[in-house]
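Close look at the chain arrangement
Letter by letter, the chains look like this.
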2 protein chains.
Amino acid sequence: MQNTNEAMRNKTQYFLGIDGGGTKCKAIIVSQDKQVLGTGIAGPANPLHGFEQATASIVKSAHSALNDAGLSDQLSLNDLVAGVGLAGVSLPTLFEQMNHWQHPFKQMFLATDLFIACLGAHQGEDGAVIITGTGSCGYSYVNQQSHSIGGHGFSYGDIGSGAWLGLEACKNVLLSLDGIIDKSALTPLLLRHLNIETASEMVEVIAHKPATFFAQMAWCVFRAVEQNDPLAISILTQGADYISNVARQLWKTNPPSISLIGGLSDLIKPWLADDIQPLLTEPKASPECGAIVFAQQQWMHINTEFYERSL
Amino acid sequence: MQNTNEAMRNKTQYFLGIDGGGTKCKAIIVSQDKQVLGTGIAGPANPLHGFEQATASIVKSAHSALNDAGLSDQLSLNDLVAGVGLAGVSLPTLFEQMNHWQHPFKQMFLATDLFIACLGAHQGEDGAVIITGTGSCGYSYVNQQSHSIGGHGFSYGDIGSGAWLGLEACKNVLLSLDGIIDKSALTPLLLRHLNIETASEMVEVIAHKPATFFAQMAWCVFRAVEQNDPLAISILTQGADYISNVARQLWKTNPPSISLIGGLSDLIKPWLADDIQPLLTEPKASPECGAIVFAQQQWMHINTEFYERSL
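All of the points below concern the structure found in this document. In this text the structure is predicted, and so the values were computed from the model without any measurement.

Further remarks concern unusual backbone geometry. Of the consecutive residues A:Phe154 and A:Ser155, the connecting peptide bond is found in the cis state with omega at 10°. Position of A:Ser155 among the secondary structure elements: in the loop between β8 (145-149) and α5 (162-177). For A:Asn143, which is not glycine, the phi torsion reads 50° and is therefore positive. Relative accessible area serves as the criterion here: at 62%, A:Asn143 is assigned to the exposed category. You will see that B:Gln144, though not glycine, has its phi angle at about 60°, which is positive. In this structure, B:Gln144 sits in the loop between β7 (136-142) and β8 (145-149). The exposed category is assigned to B:Gln144, whose relative accessible area is 66%.

Okay, here's the thing in structure tokens:
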């Protein structure tokens, strides 16, 4: 109880926010009075693609943020209250596994990457987000109820994402190399990107590659769209129509607004349906800031409970 | 030279035909006078999914065929002239690797699974084949020129195949579970097949699964088609239209006819376009019999060359 009261009085508690995805892991350190002290970055942290790699990336990004804050000499990870938002942990088994991790922090609060992204975008208030980056997903958090749409993963979900655009480009270029459809502006763009000439070379290059590899081809679709290529326009329209549908589903949960986030959001936004455009607002803060909001809410909650019980 | 002349005179040369694919490896042993003596079967033999596994399956199926022929006591693999047709070896690097295998046979002639399938279907004559099983591919062999269409692999090619049908079913059922499209007869069929109820359970079950896993879901599409499900009919029509297009491309190479082979051929055939139906003929023999034709042609060719040089 003494420790808890101490914690309650302790105005210098530091918080760590983690946003871990399939490509990279971002960390931010914030003081109790919400000053950003440092940030860090590390490699992939989606436990679906490896528990060891995910936990290593989280620890590495946290150390990097401590260094950036100039706090490495004074603080260890064990002093930090961490809010950790991760891709992949919407799968119950992965959530369990990550939650049983013998983490190095003072306390760890685990959530999905979507939840912290939504908290960040709406600064802890109710709202919805649609993420379009390597993957795609919709998520709303309204009246303490969460609801997610899509985001089921490459190659059967994540329509409209970078990986999906890259995969559709590959499929269609293979069809064009086989003479099944006409070649279009997309064909030379993709062949040049992959530094190949034939269908069989293409298969050798793309076989067994992860979503991130396909996402790196998404720019070919946008470039071909700039050149008014009908095939690329049809692919992008199909992806954007799906995102518009995701927005319509989210809107049924009554969020005050929807924010588009992720690396492709600015490129996709103009292609969304007319009825969707007025529902969109700019995100207020990043997902890792949302992880801080989450950590502070949970930490406050725990300490209030302890405090009340100790009275 | 003496050995070669002996071989030429030797009427008891035995031939081994191998048809190795992603799911299984079939072997057949045939005498010089074309009598089938025994057959064998073993596991996957596509070197794209593992060189060690492929070579082990080839050897195992060959031993199994020797046993079946009752020849295990009299012959070793070293007495057999093998025609080996394998999936995957259309990739030059895999062809090289397999061709450098320290194989246990008297002689090994390596070709693609498509080539031996085509030789089998048309008994060594010119012709074309379209394979629809776990994967899909078109291939023609006319005037000693081979031409292949599609077959680029799961999940960016192989349209109209079992794996493709299963993947499209999964994609659409996920959309229906998210409320993006209406549920159809396909939804309960697939959920029951996978023994699951929700989208997140589905993702846990299908993530990182190979083409063979998705091919096992193809029956759900055909069952839903029987129930006049518009979604399933649209998926099957899209797959069949692609196969019709493959047939049209193959026809440009002037094959006398096209044979449909593979596990789905009977189910897909009625859905092919009206202009394609008259071009189709039943395959005359199996791919492993085509491997025998190939081995005998090559063996004859080598021995004739040696014989002519020795004159």
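This is not the end of the story, as more comes after the structure.
Now for the environment of B:Ala65. Residues and elements named next belong to chain B. Checked against the element boundaries, Ala 65 lands in helix α2 (residues 51-68). Once the C-alpha coordinates of Ala 65 and Gly 17 are considered, the two residues, 48 residues apart in sequence, prove to be 9.9 Å apart. Ignoring sequence-local partners within four residues, the contact set of Ala 65 consists of Ala 27, Ile 29, Gly 38, Thr 39 and Gly 40.

With that settled, the discussion passes to the layout of surface pockets. In this structure, the second largest pocket occupies an estimated 720 Å³ of space. Around the second largest pocket, the lining is made up of 35 residues, and of these A:Glu168, A:Lys171, A:Gln238, B:Glu168 and B:Gln238 lie nearest the centre. Counting only elements with at least two residues in the lining of the second largest pocket, the list comes to α5 and α10 (230-251) of chain A together with α5 (162-177) and α10 (230-251) of chain B. For the lining of the second largest pocket, the residue count by class is 18 nonpolar, 11 polar and six charged.

Residues and elements named next belong to chain B. Considering the arrangement of structural elements, one finds Thr 23 in the loop between β1 (14-20) and β2 (25-31). Accessibility expressed as a relative area gives 42% for Thr 23, which makes it partly exposed. Residues Thr 23 and Thr 237 lie 214 residues apart in sequence; the distance between their C-alpha atoms is 26 Å.

Our focus in this paragraph is helix α7 (residues 199-206) of chain A. All names here are of chain A. Along α7, the residues that are buried comprise Ala 199, Met 202, Val 203 and Ile 206. The arc enclosing the buried residues of α7, seen along the axis, measures out at 100°, which places them on a common side. The elements touched by buried residues of α7 are α5, α6 (186-194) and α8 (211-215). Positioned one or two residues after α7, His 208 has a phi angle of 65°, which is positive.

All names here are of chain B. Between helix α6 (residues 186-194) and helix α9 (residues 218-226), whose axes approach to 9 Å, the crossing angle comes to 150°. Between α6 and α9 lies a crossing of right-handed hand. Residues Leu 186, Leu 189, Leu 190 and His 193 of α6 lie in contact with α9, whose contacting residues are Trp 219, Cys 220, Val 221, Arg 223 and Ala 224.

With that settled, the discussion passes to the pattern of salt bridges. Where side chains of opposite charge bring their charged atoms close, a pairing between them can arise. Residue and element names in this part refer to chain A. One pass over the structure, following the stated rule, counts eight salt bridges over all chains. For Glu 168, the salt bridge identified is with Lys 171, shortest N-O distance 3.0 Å. You can see Glu 168 and its partner Lys 171 sitting in helix α5, three residues apart, about one turn around the helix. The burial state of Glu 168 is the same as that of Lys 171; both residues are buried.

Let us look at the side chain of B:Asp19. Residue position: B:Asp19 is located in strand β1. With sequence-adjacent residues up to four places away left out, B:Asp19 is seen in contact with B:Lys24, B:Cys25, B:Lys26, B:Gly85, B:Asp113, B:Ile116, B:Pro287 and B:Glu288.

Right, let's talk about the interface of chain B and chain A for a bit. Listed as interface residues are 31 residues of chain B and, on the opposing side, 31 residues of chain A. In terms of surface lost to chain A, no three residues of chain B exceed B:His152, B:Tyr156 and B:Asp178, which account for 26% of the buried area on that side. The tally of links between chain B and chain A comes to nine residue pairs in polar contact (both at pLDDT 80 or more). Elements with a contribution of two residues or more to the side of chain B that touches chain A: α3 (92-99), β8, α5, α7 (199-206) and α10 of chain B. The leading source of residues in the side of chain B that touches chain A is α7(B), at five residues. For the side of chain B that touches chain A, the class distribution of residues is 17 nonpolar, 11 polar and three charged.

What follows covers the sheet that holds strand β6 (residues 127-132) of chain B. Residue and element names in this part refer to chain B. Taking strand neighbours across the sheet as the criterion, the four strands line up as β8-β7-β6-β9 in an open arrangement whose pairing is mixed. Each of the sheet's edge strands pairs with one partner strand only, and the pair in question is β8 and β9 (258-261). Put simply, the sheet's adjacent strands are angled 15° from each other on average, direction ignored. Here β7 runs beside β8; their pairing, made up of five bridges, is antiparallel. Within β8, the residue paired with Gly 138 across the bridge is Ile 149. Seen against the sheet, α10 touches β6, β7, β8 and β9 and runs at an angle of roughly 160° to β6.

Cut-off values and rules
- Residues numbered from 1 in each chain as written.
- Chains lettered and ligands numbered in written order.
- Predicted model: local features only at pLDDT ≥ 70, side-chain atom pairs only at ≥ 80, totals over all residues.
- Heavy atoms only, no water.
- Helix = DSSP H or I, 4+ residues; strand = E, 2+ residues; numbered from the N terminus.
- Buried < 20%, exposed > 50% of the residue type's maximum accessible area, 1.4 Å probe, protein only.
- Contact = heavy atoms within 4.5 Å.
- 1 Å grid on protein atoms, 1.4 Å probe; cavity = no way out; pocket = protein on both sides within 12 Å on 5 of 7 lines; lining within 4 Å.
- Points joined across faces, edges and corners; volume = space filled by probe spheres on them.
- Nonpolar A, V, L, I, M, F, W, Y, C, P; charged D, E, K, R; others polar.
- Arc of directions from axis to C-beta.
- Axes fitted to C-alpha atoms, helices over the stretch in contact; angles between N-to-C directions.
- Left-handed = near helix turned anticlockwise from the far one by under 90°.
- Salt bridge = Lys/Arg side-chain N within 4 Å of Asp/Glu carboxyl O.
- Buried area = accessible area lost by both parts, 1.4 Å probe.
- Polar contact = N/O pair within 3.5 Å; in protein donor to acceptor, adjacent residues only side chain to side chain.
- Pairing = 2+ DSSP bridges.

Geometric values such as these leave the question of function open.
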